[in-house]
Structures are given as structure tokens and as C-alpha cells.
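Now for the letters of each chain:
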Amino acid sequence: SGDFRGRPGKRQVTVVSREAWDAACAELGTPVPWTARRANLLVEGLMLGPGLVGRVLRIGVDLALEVTGETAPCERMDEACSGLRQALSSDWRGGVTCRVTAAGRIRVGDPVITD
């Protein structure tokens, strides 16, 4: 299994939490669509941080994602909204990178749990 280019790696999927995204937008004082982050998945009810590195996120019935690290916000964030890169820089608000350990289909509203 590889990333979208077919290469194996630690950054096959990126995940951002609704709570962290909302905190960044509150800091900016303006709503920004989470898709501006360019993450693959938005989850709710789970704060993403360094304590999750090496742990597995299970989404829905089959999907398992091993958290491999922090997704560092890049300069493209400021193209979406001035100051967004800085607002995402603290507390892992930019989300996490993951490696797929078990493929599966997911749907909006599927539960997200950590192993």
C-alpha cells in the first residue's frame, strides 16, 4: 500500500479534528472551510496530538490508520486565509499524518476510536 503516488510512506492519509480547526478559526476571528487545510479526513470528538503517534485510529468497521506524526502547516494555508498557517501551528491543530494499516470504506458519521 502506498500514498496517492503509489509510494510507501508515513503520510498516506492526513486527518484534522473539527475541534482543532474551530479553535484555529476562532483565533483568526473568521470561519474558514476545513477543506482549505487540504486534509483527507475531518474527525470530531478526538483531539489529535503527540500522544497519538504510534497509535491506531479506527474509523468505521474496517479502516485502521496508524498515526505517524504531525501535519505541519505550510505556506499554502496563508493563501486560503491570512494568518491560518500560524493559527494551525500550535497544539497540533494542523492535524496528523497516518499510514493505512487496514483498508476499508468509511461514511460520514462513522465512529472514530483509538487503539
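This structure is a prediction, so every number in the text was calculated from the model and none was measured.

Rules behind the numbers
Residues numbered from 1 in each chain as written. Predicted model: local features only at pLDDT ≥ 70, side-chain atom pairs only at ≥ 80, totals over all residues. Heavy atoms only, no water. Pairing = 2+ DSSP bridges. Helix = DSSP H or I, 4+ residues; strand = E, 2+ residues; numbered from the N terminus. Axes fitted to C-alpha atoms, helices over the stretch in contact; angles between N-to-C directions. Contact = heavy atoms within 4.5 Å. Polar contact = N/O pair within 3.5 Å; in protein donor to acceptor, adjacent residues only side chain to side chain. 1 Å grid on protein atoms, 1.4 Å probe; cavity = no way out; pocket = protein on both sides within 12 Å on 5 of 7 lines; lining within 4 Å. Points joined across faces, edges and corners; volume = space filled by probe spheres on them. Nonpolar A, V, L, I, M, F, W, Y, C, P; charged D, E, K, R; others polar. Core = buried A, V, L, I, M, F, W, Y, C linked by side-chain atoms within 4.5 Å. Buried < 20%, exposed > 50% of the residue type's maximum accessible area, 1.4 Å probe, protein only. Arc of directions from axis to C-beta. Salt bridge = Lys/Arg side-chain N within 4 Å of Asp/Glu carboxyl O.

## Some remarks on the sheet that holds strand S5 (residues 96-102)
So, step 1. Read from one edge to the other, the open sheet built from six strands follows the order S2-S1-S5-S4-S3-S6, with strand pairing classed as mixed. Lying at the two open borders of the sheet, with one neighbouring strand each, are strand S2 (41-43) and strand S6 (112-114). The mean angle between the axes of side-by-side strands here comes to 35°, regardless of whether they run parallel or antiparallel.
So, step 2. Summarising the sheet, strand S1 (residues 13-17) and S5 pair through three bridges and their orientation is antiparallel. Across the sheet, residue Val-15 finds its bridge partner in S5, namely Val-96.
So, step 3. Packing of helix H1 (residues 18-28) onto the sheet brings it into contact with S1 and S2, and relative to S1 it is tilted by some 65°.

## Re the environment of Trp-21
So, step 1. Take Trp-21: it is sitting in helix H1.
So, step 2. Put simply, Trp-21 and Cys-74 are 53 residues apart on the chain and 15 Å apart in space, counted from C-alpha to C-alpha.
So, step 3. Not counting residues within four places of it along the chain, the set of residues in contact with Trp-21 comprises Val-16, Val-32, Pro-33, Trp-34, Ala-36, Arg-37, Leu-84 and Leu-88.
So, step 4. Polar contacts involving the side chain of Trp-21 include one to the main-chain carbonyl oxygen of Val-32, which spans 2.7 Å.

## As for the layout of surface pockets
Rolling a probe over the atoms, with the probe sized like a water molecule, indicates the empty space that remains.
So, step 1. In this structure, the second largest pocket occupies an estimated 300 Å³ of space.
So, step 2. For the lining of the second largest pocket, the leading source of residues is S2, giving three residues.
So, step 3. Its residues placed into classes, the lining of the second largest pocket shows eight nonpolar, one polar and three charged.

## Here we look at the pairing of strand S3 (residues 56-59)
So, step 1. Here four bridges tie S3 to strand S4 (residues 63-70), and the two strands are oriented antiparallel to one another. When the bridges of S4 are listed, Ile-59 appears paired with Leu-63.
So, step 2. In textbook terms, the turn of a hairpin is the stretch between consecutive antiparallel strands, and for S3 and S4 this stretch comprises three residues, one of which, Gly-60, has a positive phi near 70°.

## Here's the deal with the nonpolar core
Inside soluble globular proteins, nonpolar side chains tend to come together where they are buried.
So, step 1. With 15 residues, the main nonpolar core has Val-15, Leu-57, Leu-65, Val-96 and Cys-98 as its most contacted residues.
So, step 2. Those elements that provide at least two residues to this core are S1, S2, S3, S4 and S5.
So, step 3. Sort the elements by how many residues they give to this core and S4 lands first, with three residues.
So, step 4. In contact with Leu-65, other than residues within four places in its own chain, are Val-13, Val-15, Leu-41, Arg-55, Val-56, Leu-57, Ile-59, Cys-98, Arg-99, Val-100 and Thr-101.

## Brief notes about H1
So, step 1. Those residues of H1 lying buried are Ala-20, Trp-21, Ala-24 and Cys-25. For H1, the arc enclosing every buried residue in end-on projection is 135°, short of the 170-degree limit, so these residues lie on one face.
So, step 2. Among the structural elements, S1 and helix H3 (84-87) are those in contact with the buried residues of H1.
So, step 3. One or two residues past the end of H1 sits Gly-29, with phi positive at roughly 80°.

## Observations concerning the pattern of salt bridges
So, step 1. Applying the stated criterion across every chain, the model contains six salt bridges.
So, step 2. For Asp-22, the salt bridge identified is with Arg-18, shortest N-O distance 3.9 Å. Taken together, the residues Asp-22 and Arg-18, both in helix H1 and four residues apart, mark about one turn of the helix.
So, step 3. The class of Arg-18 is partly exposed, set by a relative accessible area of 26%.
So, step 4. Notably, a salt bridge pairs Arg-99 with Glu-66, separated by 2.1 Å at the nearest N-O pair. Here Arg-99, found in strand S5, pairs with Glu-66, found in strand S4; they are 33 residues apart in sequence, far enough to count as distant.
So, step 5. On the basis of relative accessibility, which here comes to 33%, the residue Arg-99 falls in the partly exposed class.
So, step 6. Salt bridges linked by common partners bring Arg-18, Asp-22 and Glu-44 together as one network.

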